[in-house]
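What follows is each chain in one-letter form.
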Amino acid sequence: MRVLISGFEAFDGRSINPTQKLIEAIQSQEVDHPEEIELKGILLPVRFLDSYDILKKQVDHFNPDVILSFGLAAGRASIELEEVALNLINSTIPDNDGVIIENAPITINGAASYASTLPLQGIEGKLKEHGLPAKISNSAGTFVCNYLFYKMMEDNQTTQRLCGFIHVPLLTEQVEHNSPSIEFHELKKGVTVILNYITY
Ligand code: PCA
(Lines give C-alpha, C1' and ligand atoms only; values in the text may rest on other atoms or scores of the structure.)
Protein backbone atom coordinates (compact mmCIF):
# COMPACT_ATOMS: atom_id res chain seq x y z
CA MET A 1 0.00 0.00 0.00
CA ARG A 2 1.35 3.41 -0.97
CA VAL A 3 0.59 6.39 1.24
CA LEU A 4 1.40 9.96 0.32
CA ILE A 5 1.51 12.51 3.13
CA SER A 6 1.73 16.22 2.46
CA GLY A 7 2.55 19.09 4.81
CA PHE A 8 3.03 22.82 4.42
CA GLU A 9 5.89 25.26 4.85
CA ALA A 10 5.71 27.96 7.52
CA PHE A 11 3.41 30.93 6.80
CA ASP A 12 1.90 34.02 8.40
CA GLY A 13 5.21 35.17 9.88
CA ARG A 14 5.86 31.99 11.87
CA SER A 15 9.18 30.21 11.65
CA ILE A 16 7.78 26.71 12.09
CA ASN A 17 4.93 24.74 10.62
CA PRO A 18 4.44 21.51 12.61
CA THR A 19 3.45 19.79 9.38
CA GLN A 20 6.78 20.74 7.77
CA LYS A 21 8.56 19.07 10.70
CA LEU A 22 6.34 16.08 10.17
CA ILE A 23 7.33 15.79 6.50
CA GLU A 24 11.00 16.13 7.41
CA ALA A 25 10.57 13.34 9.97
CA ILE A 26 8.88 11.12 7.37
CA GLN A 27 11.63 11.82 4.87
CA SER A 28 14.30 10.85 7.38
CA GLN A 29 12.33 7.71 8.31
CA GLU A 30 11.56 8.83 11.84
CA VAL A 31 7.84 8.08 11.65
CA ASP A 32 6.94 4.48 12.49
CA HIS A 33 4.52 2.72 10.19
CA PRO A 34 3.45 -0.78 9.22
CA GLU A 35 5.96 -2.54 6.99
CA GLU A 36 3.51 -3.01 4.16
CA ILE A 37 3.20 0.75 3.71
CA GLU A 38 5.41 2.55 1.26
CA LEU A 39 5.36 6.03 2.76
CA LYS A 40 6.24 9.22 0.97
CA GLY A 41 6.26 12.71 2.45
CA ILE A 42 6.03 15.87 0.41
CA LEU A 43 6.39 19.47 1.52
CA LEU A 44 4.16 22.06 -0.17
CA PRO A 45 4.47 25.84 -0.43
CA VAL A 46 1.69 27.93 1.12
CA ARG A 47 0.67 29.33 -2.25
CA PHE A 48 -2.55 29.28 -4.19
CA LEU A 49 -0.50 29.40 -7.38
CA ASP A 50 1.13 25.98 -7.37
CA SER A 51 0.61 24.09 -4.09
CA TYR A 52 -1.94 21.80 -5.68
CA ASP A 53 0.03 21.31 -8.93
CA ILE A 54 3.00 20.13 -6.88
CA LEU A 55 0.83 17.67 -4.96
CA LYS A 56 -0.84 16.44 -8.14
CA LYS A 57 2.49 15.74 -9.83
CA GLN A 58 3.42 13.50 -6.90
CA VAL A 59 0.04 11.79 -7.00
CA ASP A 60 0.40 11.06 -10.73
CA HIS A 61 3.93 9.80 -10.25
CA PHE A 62 3.55 7.78 -7.01
CA ASN A 63 -0.05 6.63 -7.57
CA PRO A 64 -0.86 6.37 -3.85
CA ASP A 65 -3.74 4.36 -2.41
CA VAL A 66 -4.11 6.93 0.34
CA ILE A 67 -3.43 10.67 0.52
CA LEU A 68 -3.24 12.37 3.90
CA SER A 69 -2.77 16.12 3.70
CA PHE A 70 -1.77 18.00 6.83
CA GLY A 71 -1.80 21.67 7.72
CA LEU A 72 -1.49 23.88 10.79
CA ALA A 73 -4.54 25.51 12.35
CA ALA A 74 -3.22 27.74 15.16
CA GLY A 75 -5.67 27.91 18.04
CA ARG A 76 -7.10 24.45 17.58
CA ALA A 77 -6.55 22.05 20.45
CA SER A 78 -6.87 18.67 18.74
CA ILE A 79 -5.78 16.74 15.70
CA GLU A 80 -8.81 17.75 13.63
CA LEU A 81 -10.05 15.44 10.92
CA GLU A 82 -11.67 17.63 8.30
CA GLU A 83 -15.01 16.40 7.06
CA VAL A 84 -15.64 18.71 4.15
CA ALA A 85 -13.86 20.92 1.61
CA LEU A 86 -15.75 24.02 0.46
CA ASN A 87 -15.68 25.59 -2.98
CA LEU A 88 -14.59 28.91 -1.53
CA ILE A 89 -11.47 30.99 -0.99
CA ASN A 90 -11.69 33.89 1.44
CA SER A 91 -8.26 34.85 2.74
CA THR A 92 -7.76 36.93 5.83
CA ILE A 93 -3.96 36.70 5.54
CA PRO A 94 -1.69 36.65 2.47
CA ASP A 95 -0.24 33.39 1.20
CA ASN A 96 3.55 33.13 0.90
CA ASP A 97 3.43 34.95 -2.45
CA GLY A 98 1.59 37.85 -0.80
CA VAL A 99 -1.62 36.86 -2.56
CA ILE A 100 -4.99 37.54 -0.92
CA ILE A 101 -8.16 36.22 -2.56
CA GLU A 102 -11.51 37.30 -1.19
CA ASN A 103 -14.79 35.51 -1.67
CA ALA A 104 -14.02 33.56 -4.81
CA PRO A 105 -14.97 30.03 -5.84
CA ILE A 106 -12.13 27.54 -6.30
CA THR A 107 -13.88 26.02 -9.31
CA ILE A 108 -16.46 28.11 -11.13
CA ASN A 109 -19.68 26.07 -11.26
CA GLY A 110 -17.95 23.32 -9.27
CA ALA A 111 -19.64 21.30 -6.53
CA ALA A 112 -20.32 23.40 -3.43
CA SER A 113 -18.38 20.91 -1.31
CA TYR A 114 -16.67 17.54 -1.26
CA ALA A 115 -16.50 15.12 1.65
CA SER A 116 -13.33 13.45 2.90
CA THR A 117 -13.10 9.76 1.97
CA LEU A 118 -11.10 8.88 5.10
CA PRO A 119 -12.80 6.76 7.78
CA LEU A 120 -13.00 9.76 10.11
CA GLN A 121 -14.89 8.24 13.03
CA GLY A 122 -12.64 5.21 13.16
CA ILE A 123 -9.52 7.37 13.05
CA GLU A 124 -10.87 9.68 15.74
CA GLY A 125 -11.63 6.72 17.99
CA LYS A 126 -8.17 5.19 17.52
CA LEU A 127 -6.37 8.47 18.21
CA LYS A 128 -8.36 8.92 21.42
CA GLU A 129 -7.69 5.31 22.44
CA HIS A 130 -4.00 6.19 22.25
CA GLY A 131 -4.53 9.21 24.47
CA LEU A 132 -4.23 11.76 21.68
CA PRO A 133 -6.56 14.77 21.36
CA ALA A 134 -8.71 14.26 18.26
CA LYS A 135 -11.97 15.44 16.80
CA ILE A 136 -13.89 15.67 13.57
CA SER A 137 -14.08 19.23 12.23
CA ASN A 138 -16.60 20.63 9.80
CA SER A 139 -14.45 23.52 8.64
CA ALA A 140 -11.05 23.41 6.99
CA GLY A 141 -11.21 27.22 6.74
CA THR A 142 -11.18 29.19 3.50
CA PHE A 143 -7.43 29.56 2.95
CA VAL A 144 -4.75 27.45 1.24
CA CYS A 145 -5.52 24.26 3.19
CA ASN A 146 -9.17 24.23 2.17
CA TYR A 147 -8.12 25.11 -1.38
CA LEU A 148 -5.75 22.13 -1.55
CA PHE A 149 -8.33 19.85 0.07
CA TYR A 150 -11.05 20.87 -2.40
CA LYS A 151 -8.82 20.44 -5.47
CA MET A 152 -7.61 17.07 -4.20
CA MET A 153 -11.15 15.79 -3.60
CA GLU A 154 -12.36 17.17 -6.94
CA ASP A 155 -9.67 15.16 -8.72
CA ASN A 156 -10.45 12.02 -6.74
CA GLN A 157 -14.16 11.75 -7.45
CA THR A 158 -13.55 8.89 -9.85
CA THR A 159 -10.86 7.06 -7.87
CA GLN A 160 -11.12 4.64 -4.95
CA ARG A 161 -8.47 6.54 -3.03
CA LEU A 162 -8.83 7.30 0.62
CA CYS A 163 -8.00 10.95 0.88
CA GLY A 164 -8.57 13.77 3.24
CA PHE A 165 -7.22 16.69 5.18
CA ILE A 166 -6.10 16.92 8.79
CA HIS A 167 -5.42 20.13 10.72
CA VAL A 168 -3.03 20.09 13.67
CA PRO A 169 -2.45 22.49 16.59
CA LEU A 170 0.67 24.57 17.16
CA LEU A 171 3.60 22.74 18.71
CA THR A 172 4.27 23.32 22.40
CA GLU A 173 7.73 24.67 21.47
CA GLN A 174 6.21 27.50 19.38
CA VAL A 175 3.22 28.35 21.48
CA GLU A 176 1.86 31.89 21.45
CA HIS A 177 -0.53 33.64 23.84
CA ASN A 178 -1.49 30.49 25.73
CA SER A 179 -2.73 28.85 22.55
CA PRO A 180 -3.48 25.17 22.83
CA SER A 181 -0.64 23.01 21.56
CA ILE A 182 0.61 19.50 20.97
CA GLU A 183 4.04 17.94 21.45
CA PHE A 184 5.83 16.93 18.27
CA HIS A 185 6.18 13.32 19.45
CA GLU A 186 2.38 13.23 19.88
CA LEU A 187 1.91 14.43 16.31
CA LYS A 188 4.25 11.72 15.00
CA LYS A 189 2.46 9.13 17.10
CA GLY A 190 -0.86 10.34 15.70
CA VAL A 191 0.36 9.68 12.18
CA THR A 192 1.56 6.21 13.16
CA VAL A 193 -1.83 5.45 14.73
CA ILE A 194 -3.63 6.60 11.58
CA LEU A 195 -1.35 4.53 9.33
CA ASN A 196 -1.90 1.46 11.47
CA TYR A 197 -5.65 1.99 11.41
CA ILE A 198 -5.98 2.39 7.67
CA THR A 199 -3.94 -0.74 6.92
CA TYR A 200 -5.88 -2.82 9.38
N1 PCA B 1 -2.33 25.98 7.31
C2 PCA B 1 -3.00 26.96 6.46
C3 PCA B 1 -2.27 26.92 5.15
C4 PCA B 1 -1.00 26.18 5.41
C5 PCA B 1 -1.17 25.56 6.73
O6 PCA B 1 -0.40 24.78 7.28
C7 PCA B 1 -4.51 26.73 6.36
O8 PCA B 1 -5.10 26.22 7.32
O9 PCA B 1 -5.11 27.09 5.36
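Shown above is the structure to which this text applies.
Quick look at the structure, then.

Quick notes on the rules
- Residues numbered from 1 in each chain as written.
- Predicted model: local features only at pLDDT ≥ 70, side-chain atom pairs only at ≥ 80, totals over all residues.
- Heavy atoms only, no water.
- Pairing = 2+ DSSP bridges.
- Helix = DSSP H or I, 4+ residues; strand = E, 2+ residues; numbered from the N terminus.
- Axes fitted to C-alpha atoms, helices over the stretch in contact; angles between N-to-C directions.
- Contact = heavy atoms within 4.5 Å.
- Buried < 20%, exposed > 50% of the residue type's maximum accessible area, 1.4 Å probe, protein only.
- Near = heavy atom within 4 Å.
- Polar contact = N/O pair within 3.5 Å; in protein donor to acceptor, adjacent residues only side chain to side chain.
- Areas by Shrake-Rupley, 256 points an atom, 1.4 Å probe, with all protein chains shown as cover.

The six strands lie next to each other as β2-β1-β3-β8-β4-β7, forming an open sheet whose pairing is mixed. At either end of the open sheet lies a strand with only one pairing partner, and these are β2 (38-44) and β7 (134-137). Across the sheet, the axes of successive neighbouring strands diverge by a mean angle of 25°, strand direction being ignored. The pairing of strand β1 (residues 2-8) with strand β3 (residues 66-72) spans four bridges and is parallel. By the bridge assignment, I5 is partnered in β3 with L68. Relative to the sheet, helix α2 (residues 51-62) contacts β1, β2 and β3, its axis offset from that of β2 by approximately 160°. In the packing of helix α3 (residues 120-129) onto the sheet, contacts are made with β4 (79-82) and β7, and the angle to β7 comes to roughly 160°.

Of all seven residues in β3, seven are buried; the element is thus mostly enclosed. Both faces of β3 are covered, namely the face carrying V66, L68, F70 and L72 and the face carrying I67, S69 and G71.

To continue, consider the site of the ligand. Residues in contact with the ligand, as listed here, are F8, F11, N17, V46, G71, L72, F143, V144, C145 and H167. In this structure, an oxygen atom belonging to the ligand sits 3.5 Å away from a main-chain N or O atom of V144. C145 is positioned with one of its backbone polar atoms (N or O) 2.9 Å from an oxygen atom of the ligand. Summarising the interface, the protein chains cover 94% of the accessible area of the ligand, which totals 260 Å² for the free molecule.

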